[in-house]
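# Chains, contacts and geometry: an overview
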Amino acid sequence: MIHSIDGIQFKRMVLHGSAAIALQKQQINDLNVFPVPDGDTGTNMSLTIATAAAELKKADAQSVGQAASTTAGALLRGARGNSGVILSLLFRGLSKALKGRETADAVQLAAAMQEGVASAYGAVMKPAEGTVLTVSRLAAKRAVEAAEENNDVEYVLAEALRVGYEVLAQTTDMNPVLKKARVVDAGGKGYLVILEGMLSALRGEPMPEVSEEAPKQEKADFNAFSSEEITFAFDTVFIVRKDDPEVNLTPLRDYLNSIGDSLVIGEDDEAFKVHVHTNIPGSALTEAQKFGTLELAKIENMRTQQEDLAAGKHVQSVDDLEEVEEALESGTAKAAPEKRCGFLAVCAGEGLSEVFRDLGVDGVISGGQTMNPSTESILREIEKVPAETVFVLPNNKNIIMAAQQCVGLASKEVVVVPTETIPQGVTAMMNVEPELEPQELLEVMTGAIRNVSTAQITYAARNSDFDGFAINEGDYLALLEGKLFGTDRDIAALLEKLAGKAAERNAEFVTLFYGEDVTEEQAGEAEALFSRLCPGAELSVLPGGQPVYYYIVSIE
């Protein structure tokens, strides 16, 4: 029987919980569908608690109150995403309940768990059932009951986990989004994995080896969703340092709730961290600055994340605020201005890089669909461009917001051209008129990309039924303007359909960029097909060397 725990034991429990979720984070990512299928809940929760583990390793926390306080403080600063913020709130409430205590018995620990739940529910404006909130609430409720039966810390945590997993299994039916995808709640699963790790530490079990490859389990059917189902597009997270430790954040809560949803606010005496989904992230940041000084911010477009996952492609999170902070503190190399305007493009593939360099870009950032560059990496490359004004061409929907964060952070003027595809980026560069003022040039480049249609051919990563198409893993998928155009086991059949569509649109210019998995012979066959079906178009076929996409087709 374990009557109580002290700071050293609590520290060991958190470290063990951090290792446990690090081992299973990809399994949790594969489950994530709520509030949108952005696939990063496991990563966010793992990175969040990893910050606490790092702080605890440096701290000499002998009392449970000290260890809990260190954990809560680190979690607030390190919280990533909605799931990470809620996790930090669960531990913050727990920390408040354990404040000043040398040790905690089962009754006190159970009460602290319930305080954590109250803290999380209090911060979430519109708590939804069938989420980590439900799982943590009913697990804590059972913990309190179990403590009355047996004042044994191990027994209480074991009972909380038993009920927690029972509730987790029910989340599929509690929430229509989860039911549609046929999975349990990812955040709830992550929370229980952490608790399970904490219990393992209490029992003296060895720390899990996080280098091992976790076995694949059930995955969410991301193709069951449409981007139109997402009401508020931008996942917005930011930290504000308080002007007044006692500041009342109720007016801010009311305002943010009026312009979005999924609102969570975590705070301590020095700062507060906000997570909200909204269509006007700039307004959220402006309003928050009435309550303190903005320190860090992150914005991601969830609609584009959903569309990419529906196409069977992996999307990495750009939730890298800590990296941006480190880059700004350490500084980056700056190139002295040698000209008025410079250009920076993002692309993946040596062939595409050469195309952009031939068109006059000063720098190329390696990145794209499965490797979105961070704000830090874009900022670093901006500073290397020897120009007063740097035009950034993201060439991908998921990179535009990361690029826009560089505006105001760089020592140079930054202009982001909203290119969503490689063909748009190429067309924008072909229409550069260096003698124009930056704003005029932006209008010219932006106007030019409106005339470009982009088609892509990739592959299906999993079986699904999407938009009336029965898709099997390994099928070729054709996308037109980001939407599913067709699917087939024969890539030539899809190329023929796309060529037919280009002919219908009376295309004047067609360019095929073929990827790293396409041979010159295969590219020649595609060229012959387009030449036959689009005799009136000026046709170019170039080696792009891009991953993921067999072909990227520009239609003008």
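Starting afresh in each chain, residues are numbered from 1 along the sequence in its written order. Totals for whole chains, interfaces and linings use every residue, but because this is a predicted model, local features are given only for residues with pLDDT of at least 70 and side-chain atom pairs only at 80 or more, for both listing and counting. The basis for the side-chain values is all heavy atoms of the structure; hydrogens and waters are excluded.

## Concerning the nonpolar core
Rule in force here: To qualify as a nonpolar core, a set must consist of buried Ala, Val, Leu, Ile, Met, Phe, Trp, Tyr and Cys residues joined through side-chain atoms within 4.5 Å. Throughout, exposure labels follow a simple rule: accessible area from a 1.4 Å probe, protein chains only, divided by the maximum for the residue type, with under 20% read as buried, over 50% as exposed, and the rest as partly exposed. Strands are runs of DSSP state E lasting at least two residues, helices are runs of H or I lasting at least four, and both sets are numbered from the N terminus onward. The criterion used for residue contact is that any of the two residues' heavy atoms lie within 4.5 Å.
Core analysis: the biggest nonpolar cluster contains 68 residues, and Ile 5, Phe 10, Met 113 and Tyr 191 have the highest contact counts within it. Only helix H1 (7-31), helix H2 (41-58), helix H3 (64-78), helix H4 (81-98), helix H5 (106-123), helix H6 (132-149), helix H7 (153-174) and helix H9 (186-202) provide two or more residues apiece to this core. The leading source of residues in this core is H9, at 10 residues. When near neighbours in sequence (up to four residues on either side) are disregarded, Met 113 contacts Leu 94, Ala 140, Ala 143, Leu 157, Ala 160, Tyr 191 and Leu 195.

## Concerning the sheet that holds strand S4 (residues 260-267)
To keep it simple, the criterion reads: Between any two strands, pairing holds if DSSP finds at least two bridges. Only C-alpha atoms enter the line fits that serve as axes; for helices the fit covers just the stretch in contact. Angles between N-to-C directions range over 0 to 180 degrees.
Read across the sheet, four strands follow the order S4-S5-S3-S6 without closing on themselves; strand pairing throughout is antiparallel. A single partner strand is all that each edge strand has here, and the edge strands are S4 and strand S6 (292-301). In this sheet, adjacent strand axes meet at a mean angle of 15 degrees when their direction is disregarded. Looking at chain direction, strand S3 (residues 234-242) and strand S5 (residues 271-278) are connected through eight bridges and run antiparallel. Residue pairing in the sheet places Thr 236 in a bridge with Val 276 of S5. Those strands touched by helix H11 (residues 281-288) are S3, S5 and S6, and its axis lies near 10 degrees from that of S3.

## Some thoughts on the environment of Arg 253
Topologically, Arg 253 is positioned in helix H10 (residues 250-259). Considered as a pair, Arg 253 and Ala 288 are 35 residues apart in the sequence and their alpha carbons are 9.6 Å apart.

## Overview of the sheet that holds strand S14 (residues 476-480)
Pairing is mixed across the open sheet formed by six strands, whose spatial order is S15-S14-S11-S18-S16-S17. Whereas interior strands pair on both sides, the edge strands pair on one side only; in this sheet they are strand S15 (483-488) and strand S17 (538-543). In this sheet, neighbouring strand axes are inclined to one another by 15 degrees on average, regardless of whether the strands run parallel or antiparallel.

## Focus: the packing of aromatic side chains
The geometry of two aromatic rings is summed up by the distance between their centres and the angle between their planes. How we decide: Only rings of Phe, Tyr and Trp enter the pairing, Trp through its six-membered ring, and a pair is recorded when the two centres are within 6.5 Å. The plane angle decides the type: under 30 degrees is stacked, over 60 is edge-to-face, the rest tilted.
Summed over the entire model, instances satisfying the criterion amount to two aromatic pairs. With a centroid separation of 5.4 Å and an interplanar angle of 75 degrees, the aromatic rings of Tyr 476 and Tyr 550 are classed as edge-to-face. One end of the pair, Tyr 476, is in strand S14; the other, Tyr 550, is in the loop between S17 and strand S18 (551-555), and 74 residues separate them in sequence. Note on Tyr 550: relative accessible area 18%, which makes it buried.

## Section: unusual backbone geometry
Phi angles above zero are rare outside glycine, and Asn 395 is one such case at about 60 degrees. As for its placement among the helices and strands, Asn 395 is situated in the loop between strand S9 (387-393) and helix H16 (397-404). Despite not being glycine, Asn 506 shows a phi value in the positive range, around 55 degrees. Examined against the element boundaries, Asn 506 turns out to sit in the loop between helix H19 (491-504) and strand S16 (509-514).

## Some words on a negative patch on the surface
Stated formally: Every patch collects residues that have over 30% relative accessible area and no salt bridge, joining them within 9 Å if they carry like charges and within 5 Å if they are nonpolar side chains (Val, Leu, Ile, Met, Phe, Trp, Tyr). Accessible areas in this description were obtained via Shrake-Rupley with a 1.4 Å probe; residue shielding takes into account the shown protein chains only. Any carboxyl oxygen of Asp or Glu within 4 Å of a side-chain nitrogen of Lys or Arg constitutes a salt bridge here. His is not counted, nor are the chain ends; Lys and Arg add positive charge and Asp and Glu add negative charge. Lys charges are placed at NZ, Arg charges at CZ, Asp charges at CG and Glu charges at CD.
A cluster of like negative charges, contributed by Asp 243, Asp 244, Glu 246 and Asp 269, occupies part of the molecular surface. Relative to the helices and strands, Asp 269 is located in the loop between S4 and S5. Asp 269 sits in the exposed class, given a relative accessible area of 54%.

## Concerning the confidence of the model for the protein
Our working rule: One confidence number per residue, pLDDT, is output by the predictor and ranges from 0 to 100.
Chain-level pLDDT for the protein is 84 on average; 84% of the residues reach the 70-or-more range. Confidence over residues 327-332 falls short of pLDDT 50; this stretch has six contacts with residues more than four positions distant or in other chains.

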